[in-house]
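What follows is the residue order along each chain.
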Amino acid sequence: MAFTVMPVLMLGLVLVGLFDILSNYESNKCEMTYMYEYPEYLPVPLSENVTKSFPRYNLYLYAEGKYARQSANFKLTGVPVLFIPGNAGSHKQVRSLGSVALKKAQHLRTPFHFNYFAVDLNEELTGMFGAILSEQTEFVHRCILKILSMYRKAEAPPKSVILVGHSVGGIIARGLFTLPDFDPSMVNTIITQATPHQSPVVNADQYMADFYNTVNQFWQDGMSSGRLSHVTIASTGGAHRDYLVRAGLTSLKGIIPETNAISAVTSAIPKVWLSTDHLAIVWCKQLVLATKRALFDIIDPKTRQVTTDVKHRMQVFRHHFLHHPGSKSFSLTSVQSAIPPGDKWVELTDEIWELTEPRNKDVTNYMFPIDKESGRDTFVAATNIVEDSWVYLCQEEGGQRCEEGLDMSSRSQLSPPLYSGHKVVHLHLASYRSFSHVVVSVPKSSKPVQLQTQFYNGTEKAQELEVPHVMSFTIQRVVEVDVPNNTMFYNISVVGLQEVYHAFTANLISDCEDNDMTKMHMHIPWFKEDIYSVSQASGDGKLWMRLQSGKLVDESTNPELRLYLNPKCNYKVQVWVNFVEVLGQLIRFHGIVLPAFAVTIILMVLSYQIRTLGRGQPCPSFSEAQAAFCKPYRVAPLVNLFSLLISYQGARLMYLSLNIPLPDSEVMKAQGTWFNAMPILFYFFASAICTMVSAALFGGVTMIGHCMVWFGKKPADPEEMARKAPHPAALFVISGAFLAVASQFSGALAFALVLALYFGKTCRLYANTITLKNCLNLQNDKKKPGPLADAEDTFHLQYTILYLIWFMSMLYMPSVVFWGKNLNFEYRLPADPALYTAAAMSACFAFLYPLQGCNLRKRRSVVWLSWFVYISAILACMFCMVALYRTPYFILGAFVVVAFCHRMV
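Criteria and cut-off values
- Residues numbered from 1 in each chain as written.
- Predicted model: local features only at pLDDT ≥ 70, side-chain atom pairs only at ≥ 80, totals over all residues.
- Heavy atoms only, no water.
- Helix = DSSP H or I, 4+ residues; strand = E, 2+ residues; numbered from the N terminus.
- Rg over C-alpha atoms; globule rule 2.2 N^0.38 Å.
- Buried < 20%, exposed > 50% of the residue type's maximum accessible area, 1.4 Å probe, protein only.
- Contact = heavy atoms within 4.5 Å.
- Lys, Arg positive; Asp, Glu negative; His and termini not counted.
- Charge placed at Lys NZ, Arg CZ, Asp CG, Glu CD.
- UniProt positions renumbered as here; feature names shortened; annotations may be inferred.
- Right-handed = clockwise from strand over helix to strand, strands pointing away.
- pLDDT = per-residue confidence, 0-100.
- Polar contact = N/O pair within 3.5 Å; in protein donor to acceptor, adjacent residues only side chain to side chain.
- Pairing = 2+ DSSP bridges.
- Axes fitted to C-alpha atoms, helices over the stretch in contact; angles between N-to-C directions.
- Core = buried A, V, L, I, M, F, W, Y, C linked by side-chain atoms within 4.5 Å.
- Phe/Tyr/Trp six-rings, centres within 6.5 Å; stacked < 30°, edge-to-face > 60°.
- Expected span 1.5 Å × (residues − 1).
- Arc of directions from axis to C-beta.
- Disulfide = S-S within 2.5 Å.
- 1 Å grid on protein atoms, 1.4 Å probe; cavity = no way out; pocket = protein on both sides within 12 Å on 5 of 7 lines; lining within 4 Å.
- Points joined across faces, edges and corners; volume = space filled by probe spheres on them.
- Parallel < 35°, antiparallel > 145°, perpendicular 65-115°, else oblique.
- Nonpolar A, V, L, I, M, F, W, Y, C, P; charged D, E, K, R; others polar.

Scanning the protein chain from terminus to terminus reveals 25 helices and 30 strands. A globule of 905 residues ought to have a C-alpha radius of gyration of about 29 Å, and the protein chain, at 33 Å, matches this closely. Burial statistics for the protein chain: of 905 residues in total, 57% are counted as buried. Of the contacts formed within the protein chain by residues at least 6 apart in sequence, a portion of 80% connects residues at least 24 apart. Side chains of the protein chain carry 77 positive and 70 negative charges; the gap between the two charge centres is 9 Å.

This is how it looks when you write it as structure tokens:
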């Protein structure tokens, strides 16, 4: 196999991007959740009918210590919560949520407590094998019915169950509502953790695609009609540490309106402010506490169950997951009339003012007069005051004190670091022209108090910064912003950070040694995915600016870099392209398209080989055909052109009338991840991967082929091999055996058997070619092809077919894993995504296995039919970038063409 510089370079870029995903993120800052008693998972007895229908699954009640002994008889009186694990997840992941909830109820001595249940779904690979999603959803439905039946003798029996879903468990929770016999009133609150709501991470099979389409469409229709208006959902994503489910997929935007759902990334959730990996999001103490506070606050004290007030539940979720003003507890009141407490009033006229006291002996109200003529239309204050009410607007009545005012503390926002109690408030004074002063009330405190205030003009403390394009020749250029002197807050609108593959590094440089608590905050307007960088000591601060969700076409706002600074210092911000993170973002968001482009390249190779044989020329090897024919301009422009045509309304309506799925470029546009250079760029990446994988596969074939020559019988020439080839009837018997395996066991298993048989044949063909070369000392004659030319043509053609069969077998590998894991329960897959493709492959096998290159030589019809293979390659690229499950259909379409070519001769 010939290696060139370009494949090695492209593969290196892919590996750099993959390395960036797996390593370039913050350290795990999650604190552990501890328990003080031994955890127990009490098996809940299910009916015989449920046990027979779902033998692989179980239901457990989490308990520990004294509570476990009290709950052994399953006479429960609390608030039921059901945890649904995700891909390969365990029911034991409920421990953190259950233990913290139990200890919190005991500590607060609340009149209610939570009963945590968890379903055991056999740790199945639901993220890769969608055929079992419907079965798991039905089992969860039966569990909810069982859970509610356990409270019939309770004083105030619950009418609903809170659902907490991790990963795919969250989509199962929403999938419950699509069941025809499911009562929607049984669930009104759902919390999902790292759940890919928008689409599957890997759209591996038709069952998964159909499940997602059904669930999302049902929720869109249900919210529009009001059938599901009683349900509220909080979705959390794990930010950059979660490289399995990127944060953008956890958004509920476009599926559920903001009146019933919130979506946030852990890096932006108040009192969390960190990134979690896919498993840590279940046990991360900071997020567990935020979740438990929210669940405790949605309980109605009268019924001691979840409140039926949707507005109240959403206010609680927004408070704990989106906008936390720093209050000690949740309150429904927002801006309200109030008078600052205390008798000590001090009026200050400074534009910038700072207070640092080791302790404060008396309550002091600092009054800042509003100068309506100065143009300073915004007031900002940053402090660590712990009181719920601390900032007011008021009208002075004389005597340098206020008699009435508005408590604006609910407009403040907690800010990192964790446990610092720091919060900041921005008051836009143009909306409150009837007030004369801003009042900050500093309470009596034995702890240090910090306070910074400033009046500023919003236009003067803001600037647009146009960053260089990551694919321009100015990629190494550093752009700078000089922050004006005496600045406490500065806002930079980042123009150019709009594509998901963009990545920049922002460096905050100061001339002061004391930069304690200087903050950089990147705010993303279209999704709650903000990130922070806090400098707690001397030195410069850095912030990695990269998106976690795509910017949609109708979004006109830009990301903002918000700076909270020491007004005594001078600052400068430097921004430059981070090329390594650009590669990481490309692989993170678009790595899923690589299989589609790889199949396109392999099919193009097969097309070129068939066409070459039809013209009477020697069949080129895989690498020779790839170098000669597989050019990006044969694919990428066609993909972009078709995407452009579909964007026109008339063409789209005409296309949709054909009932053909939209190309995957439209799906990526809807998620904000499409860009026009993507097809050509990932064609190069896929080409490099194809080259390297082909080299590995070819190495295996050659190694075993040489072993056959050294230790086996001497292979025959092609004519003798043709005479000894299996009888067509025997091949049809073998095909029937494969079909029987597919129908009675697993289609993926049939693919594995076809692959094994075809691999052995290809190795034997290679052994035959090297024997003819070395033993007979033959040379190819282009005018009169001999035995060696026939042997090489057959090997090169069959090797490409082997490559495609290997690819399909890898796509169906999760099915084989699931089948093998569940042999104790049943020998046949309950729903097999590979059944029909395996049947088609079994039929094609009888025609592909005896195929020889010499049979296709100098056939004009073969040349024409080769273009159908090329068309299959282009269609595979257009329709399989996201919908990976469609790939085998286009491969099988090419196989049918090749089989037809063989039958024609």
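Per the UniProt record, "domain: GPI inositol-deacylase PGAP1-like alpha/beta" (unreviewed entry) is found at residues 76-297. Structurally, residues 76-297 is divided into 34% helix and 15% strand, and its ends, taken at the C-alpha atoms, are 21 Å apart.

Now for the pairing of strand 4 (residues 114-120). The element strand 4 is extensively covered by neighbouring structure, given that seven of its seven residues are classed as buried. Burial of strand 4 is two-sided: the residues Phe114, Tyr116, Ala118 and Asp120 facing one way and the residues Asn115, Phe117 and Val119 facing the other way are all buried. One crossover worth recording links strand 3 (residues 79-84) to the parallel strand 4 by way of helix 4 (residues 95-108), and it is right-handed.

For the protein chain, the mean per-residue pLDDT works out to 88, and 94% of the residues sit at or above 70. When mean pLDDT is compared element by element in the protein chain, strand 6 (residues 189-193) scores highest at 97, while helix 18 (residues 718-724) scores lowest at 55.

All right, on to the side chain of Asp120 then. Summarising the element assignment, Asp120 is placed in strand 4. At a separation of 3.0 Å, a polar atom in the side chain of Asp120 contacts the main-chain amide nitrogen of Asn122.

It is worth spelling out the environment of Met367 at this point. Turning to its location among the elements, Met367 is positioned in strand 14 (residues 364-369). Take Met367: its relative accessible area is 0%, and that puts it in the buried class. Considered as a pair, Met367 and Leu393 are 26 residues apart in the sequence and their alpha carbons are 9.4 Å apart. Aside from chain neighbours lying at most four places away, what touches Met367 is Trp345, Val346, Glu347, Leu348, Glu396, Gln400, Arg401, Cys402, His437, Val438 and Val439.

Right, let's talk about the environment of Pro325 for a bit. Summarising the element assignment, Pro325 is placed in the loop between helix 10 (310-321) and strand 11 (336-337). Ignoring sequence-local partners within four residues, the contact set of Pro325 consists of His319, Ser409, Ser410, Ser412, Gln413, Leu414 and Lys423.

Taken in spatial order, the five strands make up an open sheet running 22-24-29-26-27, and their pairing is mixed. Strands with a single pairing partner mark the edges of an open sheet, and in this sheet they are strand 22 (462-466) and strand 27 (531-535). With direction set aside, neighbouring strand axes in the sheet form an average angle of 20°. As defined by bridge partners, strand 26 (residues 518-523) adjoins strand 29 (residues 560-564) across five bridges and the pair is classed as antiparallel. Looking at strand 29, one finds that Met522 is bridged to Leu561.

It is worth spelling out the nonpolar core at this point. As a rule of thumb, nonpolar side chains are buried together in soluble globular proteins. Grouped together as the largest cluster of nonpolar side chains are 200 residues, with contacts concentrated most on Leu82, Ile144, Trp219 and Phe895. Ranked by residues supplied to this core, first place goes to helix 12 (residues 594-614) with 13 residues. Sequence-distant contacts of Trp219, defined by excluding residues within four places in its chain, comprise Arg174, Phe177, Ile190, Leu228, Val231, Ile233, Ile255 and Ile256. Core analysis: the next-biggest nonpolar cluster, separate from the first, contains 45 residues, Val81, Phe83, Phe317 and Phe330 among them.

Our focus in this paragraph is the packing of aromatic side chains. Within this structure, the stated rule accounts for 42 aromatic pairs. Between Phe177 and Trp219, the ring centres sit 4.9 Å apart and the planes meet at 75°, which makes this aromatic pair edge-to-face. In this pair, Phe177 sits in the loop between helix 6 (168-175) and strand 6 while Trp219 sits in helix 7 (residues 206-225), placing the two residues 42 residues apart along the sequence. Considered together, Phe177 and Trp219 belong to a single accessibility category, that of buried residues. On the basis of an interplanar angle of 45° and a centroid distance of 5.7 Å, the ring pair of Tyr456 and Phe489 is categorised as tilted. Linking Tyr456 in strand 21 (residues 449-456) with Phe489 in strand 24 (residues 489-495), this pair joins segments that are 33 residues apart in sequence. In terms of burial, Tyr456 and Phe489 fall into one category: buried.

Once that is clear, we can look at helix 14 (residues 636-647). Counting along an α-helix, one turn takes 3.6 residues, and residues three or four places apart therefore face a common direction. Between the first and last C-alpha of helix 14 there are 17 Å, a value that for 12 residues agrees with the 16 Å anticipated at 1.5 Å per step. Of all the positions in helix 14, only Ala636, Val639, Ser643 and Ile646 are classed as buried. Buried residues in helix 14, looked at end-on, bunch into an arc of 100°, giving them a common side. Among the structural elements, helix 15 (649-656), helix 16 (664-670), helix 17 (678-711) and helix 24 (860-879) are those in contact with the buried residues of helix 14.

With that settled, consider the sheet that holds strand 16 (residues 391-396). Ordered by their spatial adjacency, six strands build an open sheet running 11-17-16-20-14-12, and the pairing between neighbours is mixed. The strands lining the two open edges of the sheet, one partner per strand, are strand 11 and strand 12 (344-347). Pairing geometry for strand 11 and strand 17 (residues 402-407), over two bridges, is antiparallel. Each residue of the ladder has a partner; that of Ser337, found in strand 17, is Leu406.

Here we take up the state of the cysteines. Throughout the structure, instances matching the rule amount to three disulfides. The partner cysteine of Cys30 in its disulfide is Cys284, sulfur to sulfur 2.3 Å. Linking Cys30 and Cys284, the disulfide has an S-S dihedral of approximately -95° and is accordingly described as left-handed. A residue pair is termed long-range when its members are at least 10 positions apart, and Cys30 in the loop between helix 1 (5-23) and strand 1 (39-43) and Cys284 in the loop between helix 8 (280-283) and helix 9 (285-297) qualify at 254 residues. Summarising the burial analysis for this pair, Cys30 and Cys284 share the class buried. Between Cys394 and Cys402 runs a disulfide, and the two sulfur atoms are separated by 1.8 Å. Like Cys394, the residue Cys402 is buried in the burial classification. With its disulfide-bonded cysteines labelled consecutively along the sequence, the protein chain is connected as 1-2, 3-4, 5-6. Unpaired in this structure, Cys690 has its nearest cysteine sulfur neighbour in Cys630, at a distance of 8.2 Å.

On to the layout of surface pockets. Quantified by volume, the second largest pocket comes out at close to 1200 Å³. What lines the second largest pocket is a set of 49 residues, and nearest its centre among them are Val201, Val202, Gly591, Ile592 and Pro595. For the lining of the second largest pocket, the secondary-structure elements that each account for two or more residues are helix 1, helix 7, helix 11 (579-590), helix 12, helix 17 and helix 21 (787-811). Per-element accounting of the lining of the second largest pocket gives the leading share, five residues, to helix 21.

Relative to the assigned elements, Cys880 resides in the loop between helix 24 and helix 25 (887-904). C-alpha separation for the pair Cys880 and Met314, spaced 566 residues apart in sequence, amounts to 38 Å. With residues near it in sequence (within four places) discarded, Cys880 still touches Ala596, Asp664, Leu875, Arg886, Thr887 and Phe890.

At a minimum axis separation of 8 Å, helix 12 and helix 24 run at an interaxial angle of 175°. Accordingly, the angle class assigned to the pair helix 12 and helix 24 is roughly antiparallel. Counting all contacts with helix 12, which are made through Ala596, Phe597, Val599, Thr600, Leu603, Met604, Leu606, Ser607, Ile610, Arg611 and Gly614, the residues of helix 24 involved are Arg860, Val862, Val863, Ser866, Trp867, Val869, Tyr870, Ser872, Ala873, Ala876 and Cys877. Split by residue class, the contact of helix 12 with helix 24 holds 15 nonpolar, five polar and two charged.

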